[in-house]
Amino acid sequence: MGQLTLSEYRQLSVADIRDGIAARQFLAADVVEAALTAVEALDCQVHSFLEVTGEAARQAAAHIDQALAAETAAQPAGLGTLAGVPIAFKDNMNLEGSHTTCASRILENYHSLYTATCVARSLEAGGLSLGKLNMDEFAFGSSTETSAFGCTFNPWDLERVPGGSSGGPAAAVAAGIVTVSLGSDTGGSIRQPASFCGVVGFKPTYGLVSRYGVVAFGSSLDQVGPLGRSVADVAAVMDAIGGRDPLDCTSQHLDVKFVAKELLEAGVQGMRIGYVPDFLELDGLTGEVKRACEAAMANLEALGAQLVPVELPNAKAALAAYYVIGPCEAFSNLSRFDSVRYGYCAEAAANLGQQYEQSRAQGFGPEVIRRVMLGSYLLSAGVYDTYYYPAQQVRTLITADYARAFECCEALITPTSPRTAFRFGEIADPTSMYLSDIFTLPINIAGNGGLSLPVGMGDETGLPVGVQIIGPQFKDDQIFRVAAALEAVYAGQGSVSLAPLESILAKTGGDVQ
Ligand code: GLN
């Protein structure tokens, strides 16, 4: 048994950790100390954490180590799926005793009074909670630049954004600070940062993971999902967090095990995988992303899959529908942050009206105010029929498009994002930023699951590129089957999800104990 060096720790998968602890190669306490060393050595540059819950992680690790020490043949320790695995949570997920700020001034001093189901299940499965991760304020954004508590930096190039809104969860995993993390995805917020940071990110079919205890953005669009450095790691987290929760009436039973060998080693021989020719001709899709996506398609074909062109004729209206439905739901959800029930309260207001106005003006950032005002306008009498109602009709059409497409294929492949990670400040106007999610948000509208898989580096920027694998609703196992087969091809080419961070590690000697 020995301590883990930082470089050893950063390489470990979920199974390595669980098996290593079970085989007494190292203690859960060793893992947690290595993880806290990683936070200290790396996060000063990456800035993925808003709060570190080191003591809670140490206690959880001690619990695992004690159970193993007391283990007898008659009474096995019963290690959970995520035993000893360092995990951290986007800061819109409640964890009792921690802050939950949504990266907003308005919730700066809010302490969670209870724990979200997805967080609780991660911890019940043996995960060690390292803390809470940075994000775009209230999950509005694609770069994590709108956080009220500073930007997160992309571990592959610290001058670039990690994507968003789950920028912290993606960067913490890519940097090797935590093994896995949880993010939320309303229009692409798990998948786009996963593609920018070269990690795997999965948005399950709407309803597969409970939303209880996750601060709502768009309740009909939001889904929680895992990020990790491999498909198997993400599958293990899904096995821990997925399934029906009586506290979220939209959650569904989950009767599949994602880590199953039959699934992850099944291959794609004979599978029909659809692609959307129109998507590959879209304005704004960069040449390198297009080429990487086409190479991934060719790889699937070489593995024995049959590629079939499919049409999603209404997908072009998805962005417009999303920016009606999303802000309307956000307007309604964010009305609770009124400085009375929750949140920052401006001092020196002369009356209640002024207190609302000033608290919100000072507590919310510009993107939040933009969305709330947009939602308030769109839902007002007279305007509602012109925008909200047609947007819901478009939603029905898009949902039907996907259902039709899946009549002739078992999975779809698209680029995740039109481009690789951009520089801070490079995309200043909101509309251009909104286009970041052109390939991801249609399935939030339709409800289907989608996973972003890293497929190497762009041949122009040298930065990670992701492709998105989409499945029919509630057949997310098919996504994992395709993703695992494709991942094996890139693993064979030496493609990795761990950012080297050489410049930072050099300062620590690379091997901090
Ligand atoms: N970037 C999109 C938006 O700003 C999606 C955000 C998300 O998925 N939370 O709305």
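On a predicted model such as this, the values are computed, not experimentally measured, just so you know.

## Remarks on the site of the ligand
Part 1: Near the ligand, the surroundings consist of 15 residues, among which G187, S189, Y322, R371 and D437 are the closest.
Part 2: Residue G188 places a main-chain N or O atom 3.3 Å away from an oxygen atom belonging to the ligand.
Part 3: Y323 is positioned such that a nitrogen or oxygen atom in its side chain is 3.5 Å from an oxygen atom of the ligand.
Part 4: Contact with the protein chains removes 100% of the 300 Å² of surface that the ligand exposes when unbound.
Part 5: When its residues are assigned to classes, the shell around the ligand shows five nonpolar, seven polar and three charged.

## What to know about the packing of aromatic side chains
Part 1: Applying the stated criterion across every chain yields a total of 13 aromatic pairs.
Part 2: Seen from their ring centres, Y323 and Y434 are 4.0 Å apart, and the 15 degrees between their planes marks the pair as stacked. Of this pair, Y323 sits in helix α12 (residues 318-334) while Y434 sits in helix α16 (residues 430-434), and the two are 111 residues apart along the sequence. In this structure, Y323 and Y434 share a single accessibility class: buried.
Part 3: Here R360 stacks its cationic end above the ring of Y356, 5.6 Å away from the centre of that ring.

## Side note on the environment of G242
Part 1: Summarising the element assignment, G242 is placed in the loop between α8 (231-241) and α9 (261-264).
Part 2: In the structure, G242 is positioned 38 residues away from P204 in sequence and 8.9 Å away in space, judged by C-alpha atoms.
Part 3: What G242 contacts, discounting residues up to four positions off in sequence, is R121, L208, V209 and L254.

## A word on the pattern of salt bridges
Part 1: Per the stated rule, a full pass over the model turns up 17 salt bridges.
Part 2: A salt bridge links R191 to D185; the shortest N-O distance between them is 2.8 Å.
Part 3: Owing to a relative accessible area of 0%, R191 belongs among the buried residues under this scheme.
Part 4: With a relative accessible area of 0%, D185 lands in the buried category.
Part 5: Counted as one network, the salt bridges with shared partners bring together E33, E55 and R58.

## Details of unusual backbone geometry
Part 1: That bond from G164 to S165 is cis: its omega, 10 degrees, falls within 30 degrees of zero.
Part 2: Here S165 is to be found in the loop between β3 (128-133) and α6 (167-174).
Part 3: Unusually for a residue other than glycine, A103 sits at a positive phi of about 55 degrees.
Part 4: Tracing the sequence through the fold places A103 in the loop between β2 (86-90) and α5 (117-124).

## Notes on helix α14 (residues 366-378)
Part 1: Spanning 13 residues, α14 covers 18 Å between terminal C-alpha atoms, matching the ideal 18 Å at 1.5 Å per step.
Part 2: Taken together, the buried positions of α14 are E367, V368, R371, V372, G375 and L378. Down the axis, α14 shows its buried residues gathered within 135 degrees of arc, on one side only. Opposite its buried face, α14 presents the exposed residues P366 and M373, each directed more than 90 degrees away.
Part 3: Against α12, α15 (384-405) and α16 lie the buried residues of α14.

Cut-offs used in this document
Residues numbered from 1 in each chain as written. Predicted model: local features only at pLDDT ≥ 70, side-chain atom pairs only at ≥ 80, totals over all residues. Heavy atoms only, no water. Near = heavy atom within 4 Å. Polar contact = N/O pair within 3.5 Å; in protein donor to acceptor, adjacent residues only side chain to side chain. Areas by Shrake-Rupley, 256 points an atom, 1.4 Å probe, with all protein chains shown as cover. Nonpolar A, V, L, I, M, F, W, Y, C, P; charged D, E, K, R; others polar. Phe/Tyr/Trp six-rings, centres within 6.5 Å; stacked < 30°, edge-to-face > 60°. Helix = DSSP H or I, 4+ residues; strand = E, 2+ residues; numbered from the N terminus. Buried < 20%, exposed > 50% of the residue type's maximum accessible area, 1.4 Å probe, protein only. Lys NZ or Arg CZ within 6 Å of the ring centre and 35° of its normal. Contact = heavy atoms within 4.5 Å. Salt bridge = Lys/Arg side-chain N within 4 Å of Asp/Glu carboxyl O. Expected span 1.5 Å × (residues − 1). Arc of directions from axis to C-beta.

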